[in-house]
Amino acid sequence: MASVDTLPPAHLEAEAVAKRQRERLLGFGVFAALLVAAWVVGHEVPDWMDLDVQGWAQDRYTWTIQNSDTHWLFTVFLNPASDFLNWAVEHVFDLLEALRWPGVVALTAMIGWRTGGPRAALAGGLAMLAVGAVAPWDKAMLTLSIMVVAVVMALVVGVPLGVIAARSDRAEKIIRVVLDTAQVMPVYVYFAPLLTGFGIGYPPAVMATFIYALPPATRLTNLGIRQVPVVLNEVGQSFGTTSWQQLLKVQLPVARKSILLGLNQVIMMAFAIVVLASLFGPSDLGRLVLNALQKQEVGEAFAAGIGIVLLAVALDRISTGDRRPLPRWMPTPPQWGRRVWLALGIGTVVAAVVCARAFELDVLPSWMLIDAASPIDDAVDWVQNNLRKDVPVIGGTQAISDFLVVHIIDPIQRFLLWLPWLAVVTGVAFVGWLSRGWRLAAGVALCLVLIGFMGTVPGAGGRKPLWDEAMNTLSQVIVAIVLAVLIAFPLGVWAGRSDRVERVLKPFLDLAQVLPQFVYLIPVVFLFSAGRAAGVVACVVYAIPPLIRLTALGLREVPHAPREAATSFGATPRQELLHVQLPLARKAILLGVNQTVLMVLATVIIAALVGAGGLGLLAYTAAAKPNVNLGQGMAGGLSIVFLAIMLDRITQAWGRDPDTSRT
Amino acid sequence: MRSTRRTSRLAVAGLVISSLVLAACGDDEEDAGGGDSPTSSAAPSESCETSGDAIKLAVNPWTGSAVNAYVAKAVIECNLGTPVEIIEIDENATWVGLDDASIDAVLEVWPSGHAADYEQYITTKGTVVDIGLLGPEAKIGWFVPKSVVDEHPELATWEGFLDPELAKLFATAESGDLGQFTMGDPSYVTYDEQIIANLGLPLKYVVAGSEAALLAAIDQAVADGTPVLMQFWKPHWKHLEVELVEVKLPDVTPECEAAAASGDGSYACDYPVDALYKAASVQLEAKNAPVFNMLSKMQLTTEQQSEIAGYVDRDGMSPAEAAQKWVDENAAVWQAWLA
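Quick caveat, the model's predicted, so the values are computed rather than measured.

Before going further, it helps to spend a moment on the environment of Ala 192 of chain A. All names here are of chain A. For Ala 192, the location among the structural elements is in helix α8 (residues 187-198). As for Ala 192 and Pro 204, which are separated by twelve residues in sequence, their C-alpha atoms are 9.7 Å apart. Those residues in contact with Ala 192 that lie beyond four places of it in its chain are Tyr 61, Ala 622, Pro 626 and Leu 630.

This is the structure we're talking about:
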């Protein structure tokens, strides 16, 4: 592709090859020397290496507690912001309440019809109705209100940020660091600061959701605009359009598909955090999950979780602009004009609301309710009783868990801890250099060195460097990423080549991505025992959807021309896949791998709740005892972010053309 | 192009009209609904005439916390005429709510877990006040399933765990050759690592990470009939379902109290008894003195609280129903709080 266009003349090429070989030799030499040096001097993280991030964060937090009533930061800025968010959520909630359930269902369907057509209308409306069938309607509407406000905020901030990122490479770099931090920094770390900043209730819940849901809006806007074909931009310029016109009339419309995918991901991300957001005080579906968890009512927790998923599905279906016609077995709607349909739609909504109010339809009638909890309890019981032990061949989940811990995670962790810490830094820098060159090597090395600067944390027999916890987490993260790619990549290829597979997989992907991880904490622990294996499993479940989705999307977006060309040359489907589709879809697939890496790191915190320990556990303690642990939680959270950026930049480098720049 | 624009203008007009209709309807609805905020749970308790600013009571996610608050709600609403709003919230977030008075009171604080909050908000900043003991005493400790003690009576006390062979009964993939000591939520108070080290026990401290994970670990052990040793506490509903025995640790000594206060890592005793207390926003007394007085005087015995909690955990009532039932049957007890 691009490399073909820019192929240099032959004599220059030969010179470049020779130069590259010299550089290569030099690199190997440098890293070998560094490794030896690391072995000599860098065994333990030295005591003086401590930026005192922990003390700094702890002091800032204490300061906010002491000044939250008087300082202008609160009185002028945060308190009004908090009031506004409260106002927004309450008004959305009031509106949804006033609509009653028939009105909300009708409105959902109507929006779906406007954005996509009859299919989206039907899917959205039915999903919304199903929410009411499995979960308490008022709590669902409260969750929806918080989500709507957070999603709108994420778009209002995220899309312009994406435009900025698309127009300047430097801005993109900075924005990416911010986004990575937002996506990976565990909520528990900023739980206490959000509380002191915004009080209890809806505002901090909205803020937490917003922070977590923002990245995909920006990322996919950026990606979409950057993928606008150069020709289109040039055509625009030749007509003398201004930069703004270019953006509004050419780039954004062409990037529409990508931005819509961004919206879809924003919704999924937002709903993934409902349960954590309810820790701040809203009595919504997330609170139901937490309460059920405390009572160990797995079925109840799942039912509330499914309510959350269905809400997400309803929003997703009416926002992705699904313009496909209805399935064939359904009657085709008559071909009336748009205006007739519009009037009909509005009429339906108004009629639904009027009816609902007249007959006081506050909650769904009992015959429409579905008891999801009992069958789920039965299913979970069955899984727990039958998959843990005595499964032919694989032995059961307990055996898998023991194998993972004893033969895979533990050896990797012990190896990483046995290595001098500077040797780990050197090794990672080497991988960075191989992937992209010196600058990347320096960047990823810096990430690890900064973890070395995070100071010490309490452990068995006194304080020890935080580094040890980071290596614990890194070993689990590596295992989780490898497992996730092994599972997701084949599924993604399959889904990319078969509509039916994709259709079957989609609800499961939505489920894996949106079903609050909290609902399966108990079964995961029961099946895999509390510990690092359970943590890895939790990460894998959450991390595979983006890779499957993006692999499938990448394969589908391969233009027809090269595929047809390959077929006409007599390529078998297998050859076409391996030599045409996969190479052309490489960028999308590697973006998927990259997202998987970030998802795994974003789940480190949940893994800590099932016994993974490490950095996640440190971050978790910040929420529970902020007055003493915020500092160590911040250090743990930042270290997770550094690991994420390190792995992200390396995987991103694989996704670029190796020749474009080697700086 | 033109027609699309006209259609969308029509759509906007339609939406505006319909939302106006809704708003009009919404207004008369509000009067009837009494502006019930979605954070409050619509409790089906006996309807009593109430007026004025609602008192906001925090409920943390365990049964005891809920029944205390619903008992207080029933008594306050029907005797002091003040509405009570229940706020379900994380126990650590509760303190921030008390601090800015968005929560008026919390009726069950476990002192062991909140020493730093006490220091920060009650002693230093003075925005939260301690309004006395609730009455029940809780106890954190080391627990094993009863079957373990039946089979190995030595394991009823900590000395039994000195034997590496017995300790090994508790080994897992995570603990290797040592026995596993399981800790649940790491945010709960824990001296277990120090106790293990200072008593020289061949155990490995493993953090399961959450209460849910701990409960699942108990179920796993019961299902397999395998031993499990963990930090657990009373009261907890799980005791109704599984028979757990507390392992006897060395008695609490003044040295241990000093070690706990200094955090020097030399703790080697049992956990002290947790005397549950109540805390209120400093503004509550000015906001509603009768309610403040009532909450300050409110006390339940351990037996009374477990009776009400039993209605919920054993009989499946809602906390509101359980509280109402107890309030109906025990007028003498709560009338003393109003005196």
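Structure shown, so let's carry the discussion forward.
A few words on helix α24 (residues 532-556) of chain A. One turn of the α-helix equals 3.6 residues, which is why residues spaced by three or four share an orientation. Residue and element names in this part refer to chain A. In this model, α24 (25 residues) spans 37 Å end to end at C-alpha, consistent with the 36 Å of a helix rising 1.5 Å per residue. If you look at α24, its biggest bend is around 30°, right at Ala 543, and the proline Pro 545 turns up within four residues after that. By the criterion of burial, α24 is predominantly enclosed, with 22 of the 25 residues buried.

Let us look at the packing of aromatic side chains. Evaluated as defined, the whole model comprises 25 aromatic pairs over all chains. Both rings, one in Tyr 188 of chain A and one in Tyr 620 of chain A, keep their centres 4.8 Å apart while their planes meet at 75°; by these two values the pair is edge-to-face. Of this pair, Tyr 188 of chain A sits in helix α8 while Tyr 620 of chain A sits in helix α28 (residues 614-624), placing them 432 residues apart in sequence. Of the two residues, Tyr 188 of chain A and Tyr 620 of chain A, neither departs from the other in class, the shared state being buried. Plain terms: the ring middles of Phe 161 of chain B and Phe 170 of chain B are 5.4 Å apart, the flat faces sit at 40° to each other, and that makes the pair tilted. An identical accessibility class is assigned to Phe 161 of chain B and Phe 170 of chain B; each is buried. Taken together, Phe 28, Phe 31, Phe 430, Trp 433 and Trp 438 of chain A form an aromatic cluster joined through their ring pairs.

A separate point is a nonpolar patch on the surface. Residues and elements named next belong to chain A. On the surface, Leu 35, Val 36, Trp 39, Val 40, Val 41, Phe 415 and Trp 418 cluster together to form a nonpolar patch covering roughly 750 Å² of accessible area. Only α2 (10-41) and α18 (397-418) provide two or more residues apiece to the nonpolar patch. Element by element, the count of residues in the nonpolar patch is highest for α2, at five residues. Tracing the backbone shows Phe 415 in helix α18.

Residues and elements named next belong to chain A. Here the structure, examined in full by the defined rule, presents 32 salt bridges over all chains. Notably, a salt bridge pairs Arg 649 with Asp 180, separated by 2.8 Å at the nearest N-O pair. A residue pair is termed long-range when its members are at least 10 positions apart, and Arg 649 in helix α29 (residues 626-654) and Asp 180 in helix α7 (residues 169-184) qualify at 469 residues. Asp 180 matches Arg 649 in its accessibility class, with the two residues each being buried. Across the pair Arg 414 and Asp 410 runs a salt bridge whose closest N-O atoms are separated by 3.6 Å. Of the two residues, Arg 414 and Asp 410 are both situated in helix α18; the distance of four residues between them amounts to about one turn of the helix. A network of salt bridges, in which partner residues are shared, links Arg 176, Asp 180, Arg 219, Asp 648 and Arg 649.

Often the size quoted for an interface is simply the accessible area lost on bringing the parts together. Residues and elements named next belong to chain B. One can read the domain layout of chain B as domain 1 (55-127 + 282-338) and domain 2 (139-273). Once you take the C-alpha centre of each, domain 1 and domain 2 turn out to be 30 Å apart. The interface of domain 1 with domain 2 comprises seven residues on the first partner and eight residues on the second. Between domain 1 and domain 2 the total buried area reaches about 580 Å² when both faces are included, carbon and sulfur atoms providing 69% of it. The largest share of the area that domain 1 buries against domain 2 comes from Trp 110, Ser 112 and Asp 313, three residues that together contribute 63% of it. Where domain 1 packs against domain 2, one counts zero salt bridges.

So, about the domain arrangement of chain A. Residue and element names in this part refer to chain A. As assigned here, chain A comprises domain 1 (79-370) and domain 2 (387-418 + 464-663). Placing a centre on the C-alpha atoms of domain 1 and another on those of domain 2 gives a separation of 25 Å. Every contact between the two is made by 40 residues of domain 1 and, on the other side, 43 residues of domain 2. Contact between domain 1 and domain 2 buries roughly 3,500 Å² in total, counting both sides, with carbon and sulfur atoms accounting for 73%. Contact with domain 2 buries area across many residues of domain 1, yet Arg 176, Val 184 and Tyr 188 alone supply 19% of it, more than any other trio. Linking domain 1 with domain 2 are four salt bridges, by the criterion used here. Taken together, the links from domain 1 to domain 2 amount to three residue pairs in polar contact (both at pLDDT 80 or more). Where the side of domain 1 that touches domain 2 is concerned, the elements lending two or more residues are α7, α8, α9 (202-226), α12 (256-272), α13 (274-278), α14 (285-294) and α15 (298-319).

To continue, consider the confidence of the model for chain B. Residue and element names in this part refer to chain B. For chain B, the mean per-residue pLDDT works out to 86, and 86% of the residues sit at or above 70. Predicted confidence is poor over residues 1-6, with pLDDT under 50, and the contacts of this stretch with residues over four places away or in other chains come to one contact. Counting contacts from residues 20-45, a segment whose pLDDT is below 50, to residues more than four positions away or on other chains yields 33 contacts.

Let us now look at a negative patch on the surface. Residues and elements named next belong to chain A. A cluster of like negative charges, contributed by Glu 90, Asp 94, Glu 97 and Asp 138, occupies part of the molecular surface. With three residues, helix α4 (residues 72-115) is the single largest residue contributor to the negative patch. Among the secondary structure elements, Asp 94 is positioned in helix α4.

This paragraph deals with the environment of Asn 385 of chain A. Here Asn 385 of chain A is to be found in helix α17 (residues 373-386). For the pair formed by Asn 385 of chain A and Leu 527 of chain A, sequence separation is 142 residues and the distance between their alpha carbons is 8.9 Å.

All right, on to unusual backbone geometry then. A cis amide bond links Lys 234 of chain B with the next residue in sequence, Pro 235 of chain B, at an omega value of -5°. Within the element layout of this structure, Pro 235 of chain B appears in the loop between β7 (229-234) and β8 (244-247). Residues other than glycine seldom take positive phi values, yet Asp 390 of chain A does so here, at roughly 60°. Its place among the elements puts Asp 390 of chain A in the loop between α17 and α18. With relative accessibility at 75%, the residue Asp 390 of chain A sits in the exposed group. Its identity as a non-glycine residue notwithstanding, Ser 529 of chain A has a phi of 65°, on the positive side. The class for Ser 529 of chain A is buried, based on a relative accessible area of 18%.

Turning our eyes to something else, we now look at the confidence of the model for chain A. All names here are of chain A. Averaged over every residue, the pLDDT of chain A is 88; residues scoring 70 or more account for 97%. No element of chain A has a lower mean pLDDT than helix α1 (residues 2-5), at 47, and none a higher one than helix α6 (residues 137-167), at 95. Predicted confidence for residues 659-663 stays below pLDDT 50, and this span has 13 contacts to residues more than four positions away or in other chains.

With 231 residues, the main nonpolar core has Met 128, Phe 271, Phe 518 and Leu 601 of chain A as its most contacted residues. For Phe 518 of chain A, the contacting residues outside a window of four places in its chain are Tyr 188, Val 275, Leu 276, Val 289, Leu 290, Leu 293, Ile 606 and Leu 609 of chain A. Judged by nonpolar contacts, the second largest core, of 48 residues, contains Ala 608 of chain A together with Leu 203, Cys 256 and Leu 276 of chain B.

Next up on the list: the pairing of strand β6 (residues 203-207) of chain B. Residues and elements named next belong to chain B. For β6, the buried fraction is high: four of the five residues fall into the buried class. Note that strand β5 (residues 179-183) and β6 share five bridges and pair parallel. Opposite Thr 182, over in β6, you have Val 206 as the bridge partner. Taken together, β5, helix α7 (residues 192-199) and β6 form a β-α-β motif whose crossover is right-handed.

Tracing the backbone through its elements, the reader meets Lys 139 of chain A in helix α6. Buried charge without a partner: Lys 139 of chain A forms no salt bridge, and the closest opposite charge is Glu 88 of chain B, 4.3 Å away. If near-sequence neighbours (up to four positions away) are discounted, Lys 139 of chain A is found in contact with Ser 283, Asp 284, Leu 285 and Leu 288 of chain A together with Glu 88 of chain B.

Rules and cut-offs
- Residues numbered from 1 in each chain as written.
- Chains lettered and ligands numbered in written order.
- Predicted model: local features only at pLDDT ≥ 70, side-chain atom pairs only at ≥ 80, totals over all residues.
- Heavy atoms only, no water.
- Helix = DSSP H or I, 4+ residues; strand = E, 2+ residues; numbered from the N terminus.
- Contact = heavy atoms within 4.5 Å.
- Expected span 1.5 Å × (residues − 1).
- Bend = angle between axes of the 7 residues up to and from the residue.
- Buried < 20%, exposed > 50% of the residue type's maximum accessible area, 1.4 Å probe, protein only.
- Phe/Tyr/Trp six-rings, centres within 6.5 Å; stacked < 30°, edge-to-face > 60°.
- Patch = residues over 30% accessible without salt bridge, like charges linked within 9 Å, V, L, I, M, F, W, Y side chains within 5 Å.
- Areas by Shrake-Rupley, 256 points an atom, 1.4 Å probe, with all protein chains shown as cover.
- Salt bridge = Lys/Arg side-chain N within 4 Å of Asp/Glu carboxyl O.
- Domains from an automatic or database assignment.
- Buried area = accessible area lost by both parts, 1.4 Å probe.
- Polar contact = N/O pair within 3.5 Å; in protein donor to acceptor, adjacent residues only side chain to side chain.
- pLDDT = per-residue confidence, 0-100.
- Lys, Arg positive; Asp, Glu negative; His and termini not counted.
- Charge placed at Lys NZ, Arg CZ, Asp CG, Glu CD.
- Core = buried A, V, L, I, M, F, W, Y, C linked by side-chain atoms within 4.5 Å.
- Pairing = 2+ DSSP bridges.
- Right-handed = clockwise from strand over helix to strand, strands pointing away.

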